[in-house]
Amino acid sequence: MTTLLISHPSSLRHVTPPGHPERADRIRAVEQALEDERFALLQRVEAPEGTLAQVELCHPAAYAQAISEAAPQQGLVQIDADTIMSPGTLAAVLHGVGGAVHAVDEVMSGRVGNAFSAMRPPGHHAESDRAMGFCFFNNAAIAARHAQRAHGAGRVAIIDWDVHHGNGTQEIFWGDASVLYASTHEMPLYPGTGAASERGEHGTIVNAPLRAGDGSDVFRDAFESAILPRLADFRPDLVIISAGFDAHWRDPLANINLTEADFAWATQKLMEIADRHAGGRLVSILEGGYDLEGLSKSVAAHVTALMRG
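In this text, all values refer to a predicted model and were calculated from it rather than measured experimentally. (Residues numbered from 1 in each chain as written. Predicted model: local features only at pLDDT ≥ 70, side-chain atom pairs only at ≥ 80, totals over all residues. Heavy atoms only, no water.)

**Brief notes about helix α7 (residues 216-234)**
Thought 1: For α7, built from 19 residues, the straight-helix expectation of 27 Å at 1.5 Å per residue is met to within 8% by its first-to-last C-alpha distance of 25 Å.
Thought 2: The axis of α7 is deflected most strongly, by about 35°, at I227, and proline P229 appears within four residues downstream.
Thought 3: Buried positions along α7 lie against β6 (156-160), β7 (179-186), β8 (205-210) and α8 (260-277).
Thought 4: Downstream of α7 by one or two residues, R235 has phi in the positive range, about 55°. (Helix = DSSP H or I, 4+ residues; strand = E, 2+ residues; numbered from the N terminus. Expected span 1.5 Å × (residues − 1). Bend = angle between axes of the 7 residues up to and from the residue. Contact = heavy atoms within 4.5 Å.)

Listed below in structure tokens is the structure:
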């Protein structure tokens, strides 16, 4: 089955100040990596623009409207300490939502085997009514809820290997037994959540925190001991990956020492569970990754695995 790559030029028009780690060059690095001839068989589409109705699957209407109205006509607007809007931000954010939703539509319909939405800004720090950590709307959470509402998915699993804990995804699904959220992340590190004791109201939150300096062995052990068995027991109808690549050893914002081979390995492990329980249905959504070389090599390894390479 084909792997679908979803992108959109609007990702380049979300402008952040000079020196900000979440910058347009991240997408340029991803696009350049995926221009290699080994990715010639990818099916490529542009993301449609998401709608506020889709945003409201996980965010209150008043919050969605407030973000829309905060978009400046010129210059930059500070939403929080590190979350910034430019005139091109709202379009990028909505196409990010649309890309995640379209990925779910194509995978759940069986038109493609799996999909990778390579968009920015990321989303997993966005809580139901709060933008933070470079994030405005929670693309992975919206994708999960869309799979349930539009395609009848009973159980959706979101696996987050970004080096920063996805506090937003955890908050949105804290009381929801139908969505499993599992995360590996460095702790202590921004945003300060993600202790192993944080399990949600129904035990469907699984946190496997790592410590500064941990590398491949500890990461893989956490995956195999804490996350994969719980995911297999959950028997998801769809697997969603919050695919941040800032646990790479080169990344400047954290201190975990993964290589691109670790991301390929984790992708393959999640695909095995998707094959066993979800008919292979898997959607990956780009989150963090701030060293351009580490990001490009890790994305290439991730997408190669998705293509069953």
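**Overview of the nonpolar core**
Inside soluble globular proteins, nonpolar side chains tend to come together where they are buried.
Thought 1: Core analysis: the biggest nonpolar cluster contains 47 residues, and W161, F223 and L270 have the highest contact counts within it.
Thought 2: Residue contributions to this core peak at 8 residues, all from α7.
Thought 3: Counting 44 residues, the second-largest nonpolar core is a separate cluster that includes V93, A140, A141 and I158. (Core = buried A, V, L, I, M, F, W, Y, C linked by side-chain atoms within 4.5 Å. Buried < 20%, exposed > 50% of the residue type's maximum accessible area, 1.4 Å probe, protein only.)

**Some details on the pattern of salt bridges**
Thought 1: Within the structure shown, the criterion is met by 13 salt bridges.
Thought 2: Of the charged contacts in the structure, one is a salt bridge between E22 and R120, with a shortest N-O distance of 2.8 Å. Here R120 lies in the loop between β5 (114-117) and α5 (139-151) and E22 lies in the loop between β1 (3-7) and α1 (25-33), a separation of 98 residues in the sequence.
Thought 3: Exposure remark for E22: the relative accessible area of 1% places this residue in the buried category.
Thought 4: The class of R120 is buried, set by a relative accessible area of 0%. (Salt bridge = Lys/Arg side-chain N within 4 Å of Asp/Glu carboxyl O.)

**So, empty space enclosed by the protein**
Thought 1: Counted under the stated rule, the structure contains 1 cavity of 30 Å³ or more.
Thought 2: Computed from the structure, the largest cavity encloses a volume of approximately 40 Å³.
Thought 3: In terms of lining, the largest cavity is formed by W161, V163, T184, H185, E186, L210, F219, A247, I256 and L258.
Thought 4: A total of 3 residues in the lining of the largest cavity trace back to one element, the largest contributor, which is β7.
Thought 5: The residue inventory of the lining of the largest cavity, partitioned by class, reads 7 nonpolar, 2 polar and 1 charged. (1 Å grid on protein atoms, 1.4 Å probe; cavity = no way out; pocket = protein on both sides within 12 Å on 5 of 7 lines; lining within 4 Å. Points joined across faces, edges and corners; volume = space filled by probe spheres on them. Nonpolar A, V, L, I, M, F, W, Y, C, P; charged D, E, K, R; others polar.)

**Some details on the UniProt feature "domain: Histone deacetylase" (unreviewed entry) in the protein**
Thought 1: The UniProt record annotates "domain: Histone deacetylase" (unreviewed entry) at residues 20-306.
Thought 2: Between the end C-alpha atoms of residues 20-306 the distance is 30 Å, and the span holds 40% helix and 16% strand. (UniProt positions renumbered as here; feature names shortened; annotations may be inferred.)

**Some remarks on α5**
Thought 1: In this model α5 runs 17 Å from its N-terminal to its C-terminal C-alpha over 13 residues, within 8% of the 18 Å that 1.5 Å per residue would give.
Thought 2: Every buried residue of α5 is accounted for by N139, A140, A141, I142, A143, A144, R145, H146, A147 and Q148.

**Here we look at the side chain of T169**
Thought 1: In this fold, T169 is placed in helix α6 (residues 167-173).
Thought 2: When its relative accessible area of 0% is taken as the criterion, T169 is described as buried.
Thought 3: Residues in contact with T169, not counting those within four places in the same chain, are H124, A126, N138, I158 and Y181.

**Focus on the packing of α1 against helix α9 (residues 292-306)**
Thought 1: Two numbers describe how α1 lies on α9: the axes approach to 8 Å, and their chain directions differ by 40°. With respect to α9, the axis of α1 lies oblique. Along this stretch, α1 crosses α9, giving a crossing that reads as right-handed. Residues D25, R26, A29, V30 and A33 of α1 touch α9, and the partners they reach there are L292, L295, S296 and V299.
Thought 2: Its residues placed into classes, the contact of α1 with α9 shows 6 nonpolar, 1 polar and 2 charged. (Axes fitted to C-alpha atoms, helices over the stretch in contact; angles between N-to-C directions. Parallel < 35°, antiparallel > 145°, perpendicular 65-115°, else oblique. Left-handed = near helix turned anticlockwise from the far one by under 90°.)

**Considerations on the environment of R38**
Thought 1: Note that R38 resides in the loop between α1 and β2 (43-46).
Thought 2: For the pair formed by R38 and Q78, sequence separation is 40 residues and the distance between their alpha carbons is 40 Å.
Thought 3: In contact with R38, not counting residues within four places along its chain, are A300, T304 and M307.

**Let's talk about the pairing of β8**
Thought 1: Across the 6 residues that make up β8, a large majority, 5, are buried.
Thought 2: Taken together, the 6 bridges between β7 and β8 define a ladder with parallel strand orientation. Residue Y181 lies in a different strand from β8, and its bridge partner there is I205. (Pairing = 2+ DSSP bridges.)

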